Amino acid sequence: MTTFNTLPLKPALLASIETLGYTEMTPVQAQSLPPMLAGRDVIAQAQTGSGKTAAFGLSLLHSLDPDTIRLQALVLCPTRELADQVSKAIRKLAANIPNVKLLTLCGGMPLGPQLASLTHDPHIVVGTPGRVQEHLKRGSLHGGGIKVLVLDEADRMLDMGFSEAIDDIIGRIAKHHQTLLFSATYPDEIRKVSQRVQREPVEITVEAPVEEKPSIEQRFHEVDPAQKIDALAQLLAGEHAEHALVFCNMRRDVDAVAEELDRRGFSALALHGDMEQRDRDEVLVRFANRSCSVLVATDVAARGLDIVALPLVVSYDIAHDPETHTHRIGRTGRAGQSGHAITLCTPRERPKASNIEELLGAPLAWRPLKVAAPRGKTLNLAPMKTLVIDAGRQDKLRPGDILGALTGDAGLKADAIGKIDVFATRAYVAIRRELANKALEQLRAGKIKGRNFRVRPLG
Ligand code: AMP
């Protein structure tokens, strides 16, 4: 029912599909291909991995006439990386159609070679809006014969400020063309764009499959090495990260990054293999009881971390290999909760990002990041504070004893008290930060199990 040969596709395209090993259509393909092949405008909600590229690729190749040397299909993408991926995918689908000329035209690439390759019109152009607009304006690209316009990842193109460029491009190409709009999300702006540029579009949304993994939103930012710490602080402040794990590749960077974050007003701690067991335990306790909001760690050290779902994982240094990256990312979005994974990458580290992309088999979500100069210290402290009591199981101390001492005699309410961890000779109790001093006084003035133990605040 959902095989490709139920579609009225050119035999050359069916042959490519077979070579690629696609046996069944994906849901997006099954829903979008029939109206697209019938020439209708389509607006489809489709994520990376949904098979959207093959969907619009097949459709535009189906209506392409290779004997007419004119630009017939234009695909606009938000980034060069995505444009490269899309070009590759379309080339594979076009493998059995002779003489199809496809050009990728992106910003950030020198204009000269692009102009040279435009001496004859290509059939298909895949590119980023700014550069495509520039070629249309210069007259090096002619849009009069365009039959299909694809807006891929339209939401991201709007996010990146390409709205005007897209409108201008549409004003410069053939009036009657089919417009295929793909977007991961449908905010109001996308609906407005659709209303502006599409004619009676067929709307397609695909229910996420039930067995889908918890959603992890991955983002990649290219940053200058000198700006990394500013970028990290800015991201952490912006995400209101109350519980974030930050990975560094080297131990010495773990300390430096944690110290700098602390200096800038975050409740940040370092975790690495060089630490004494006792210090490690203490750091893990403080991260788990929410009195440390940012934990900076090496991959090895983070193995001992047993936290169910972290809302945010940041790779301060991009992982050396894609498997390590996947491991890191796996620490967020657990237990059905959504999570964010942010990776910083310097220009020199781009090859590592390419390896990750290859393993994922999907384009990475590169997002521009404007790093502002640090604005002095702003407090982003953790919601809790830890008090440590110099007594533990050896003193027959139990969590209930500590709770009793804190709440008794007009003390704290139970909801001001967080996690209590009792070790052999020490115990840790998390208290809501604004009440920590009160708790300290209460414990120092009164007694725990009828005895006076030393109590001090951490951090
Ligand atoms: P996309 O959502 O366009 O990024 O595609 C995700 C991946 O799915 C790509 O690696 C495609 O090669 C692959 N793909 C697309 N359509 C199919 C299909 N019908 N069957 C199997 N794999 C597919």
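Keep in mind that what you see is a predicted model, and the values were worked out from it rather than measured. (Residues numbered from 1 in each chain as written. Predicted model: local features only at pLDDT ≥ 70, side-chain atom pairs only at ≥ 80, totals over all residues. Heavy atoms only, no water.)

Caption draft 1: Seen up close, the site of the ligand. Taken together, Phe4, Tyr22, Glu24, Thr26, Gln29, Gln47, Thr48, Gly49, Ser50, Gly51, Lys52 and Thr53 form the complete shell of residues around the ligand. Here an oxygen atom of the ligand sits 2.7 Å away from a polar atom, N or O, in the main chain of Gly49. The separation between an oxygen atom of the ligand and a polar main-chain atom of Lys52 is 3.4 Å. Among the residues forming the shell around the ligand, the class breakdown is two nonpolar, eight polar and two charged. (Near = heavy atom within 4 Å. Polar contact = N/O pair within 3.5 Å; in protein donor to acceptor, adjacent residues only side chain to side chain. Nonpolar A, V, L, I, M, F, W, Y, C, P; charged D, E, K, R; others polar.)

Caption draft 2: Focus on the side chain of Arg156. Of note, Arg156 is situated in helix 7 (residues 154-159). Sequence-distant contacts of Arg156, that is, excluding residues within four places in its chain, are made with Pro78, Thr79, Leu364, Ala365, Trp366 and Arg367. (Helix = DSSP H or I, 4+ residues; strand = E, 2+ residues; numbered from the N terminus. Contact = heavy atoms within 4.5 Å.)

Caption draft 3: Here's a closer look at the environment of Pro35. Residue placement: Pro35 occurs in helix 2 (residues 27-37). Judged by relative accessible area, Pro35 falls into the buried class, the value being 13%. Setting aside residues no more than four positions away along its own chain, Pro35 makes contact with Arg40, Val42, Gln178, Val202 and Ile204. (Buried < 20%, exposed > 50% of the residue type's maximum accessible area, 1.4 Å probe, protein only.)

Caption draft 4: Seen up close, the sheet that holds strand 3 (residues 102-105). The parallel open sheet is built from seven strands, whose spatial order is 3-4-2-5-6-1-7. Edge positions in the open sheet fall to strand 3 and strand 7 (202-205), since each of these has one partner strand only. Direction aside, the axes of adjacent strands within the sheet are offset by 10° on average. The sheet contact formed by strand 1 (residues 42-45) and strand 6 (residues 178-183) spans four bridges and is parallel. Each residue of the ladder has a partner; that of Ile43, found in strand 6, is Leu181. Helix 3 (residues 52-62) contacts strand 2 (73-76), strand 4 (124-127), strand 5 (148-151) and strand 6 of the sheet and is inclined by roughly 175° relative to strand 6. (Pairing = 2+ DSSP bridges. Axes fitted to C-alpha atoms, helices over the stretch in contact; angles between N-to-C directions.)

Caption draft 5: Representation of helix 2 in the model. Residues of helix 2 that are buried include every one of Val28, Gln29, Ser32, Leu33, Pro35, Met36 and Leu37, and no others. In this structure, the buried residues of helix 2 make contact with strand 1, helix 3, strand 6 and strand 7. At the exit of helix 2 stands Gly39, carrying a positive phi of roughly 90°.

Caption draft 6: The arrangement of the packing of aromatic side chains in detail. Taken as a whole and judged by the stated rule, the model has four aromatic pairs. In this structure, Lys228 packs its charged tip against the face of Tyr316, placed 4.8 Å from the ring centre. Seen from the ring of Trp366, Arg350 lies directly overhead, with NZ or CZ sitting 3.7 Å from the centre. (Phe/Tyr/Trp six-rings, centres within 6.5 Å; stacked < 30°, edge-to-face > 60°. Lys NZ or Arg CZ within 6 Å of the ring centre and 35° of its normal.)

Caption draft 7: Inspection of helix 4 (residues 80-93) at higher detail. Look at helix 4: 20 Å from first C-alpha to last across 14 residues, which is about the 20 Å you get at 1.5 Å a residue. Residues Glu81, Leu82, Ala83, Val86, Ser87, Ile90 and Leu93 constitute the buried set of helix 4. Those residues of helix 4 hidden inside the fold are in contact with helix 1 (11-20), helix 3, strand 2, strand 3, strand 4 and helix 15 (350-360). (Expected span 1.5 Å × (residues − 1).)

Caption draft 8: Layout of the environment of His320. Locating His320 in the fold gives a position in the loop between strand 12 (312-315) and helix 14 (322-329). Residue class for His320 comes out exposed when judged on its relative accessible area of 53%. Expressed as a C-alpha distance, the spacing of His320 and Ala353, which sit 33 residues apart in the sequence, is 9.2 Å. Those residues in contact with His320, other than ones at most four positions away along the chain, are Asn249 and Lys352.

Caption draft 9: Molecular detail of the state of the cysteines. Applying the stated criterion across every chain, the model contains zero disulfides. The cysteine Cys292 is free of any disulfide, with Cys248 supplying the nearest cysteine sulfur at 13 Å. Note on Cys292: relative accessible area 1%, which makes it buried. (Disulfide = S-S within 2.5 Å.)

Caption draft 10: Region of the structure containing the domain arrangement of the chain. Here the chain is described as being made up of domain 1 (4-205), domain 2 (214-360) and domain 3 (384-458). Between domain 1 and domain 3, the C-alpha centre-to-centre distance is 63 Å. (Domains from an automatic or database assignment.)

Caption draft 11: Inspection of the pattern of salt bridges at higher detail. For the structure on display, the rule yields 23 salt bridges. With a closest N to O distance of 3.9 Å, Arg138 and Glu134 form a salt bridge. Here Arg138 pairs with Glu134, and both are found in helix 6 (residues 129-138), just four residues apart, close to one helical turn. One salt bridge connects Asp390 with Arg456, and the closest N-O pair in it is separated by 3.7 Å. Of the two residues, Asp390 sits in the loop between strand 14 (384-389) and helix 16 (399-407) while Arg456 sits in strand 17 (residues 455-458), which places them 66 residues apart along the sequence. Classification of Arg456 as partly exposed rests on a relative accessible area of 25%. Overlapping salt bridges, with partners in common, bring together Lys52, Asp152, Glu153 and Arg156 in one network. (Salt bridge = Lys/Arg side-chain N within 4 Å of Asp/Glu carboxyl O.)

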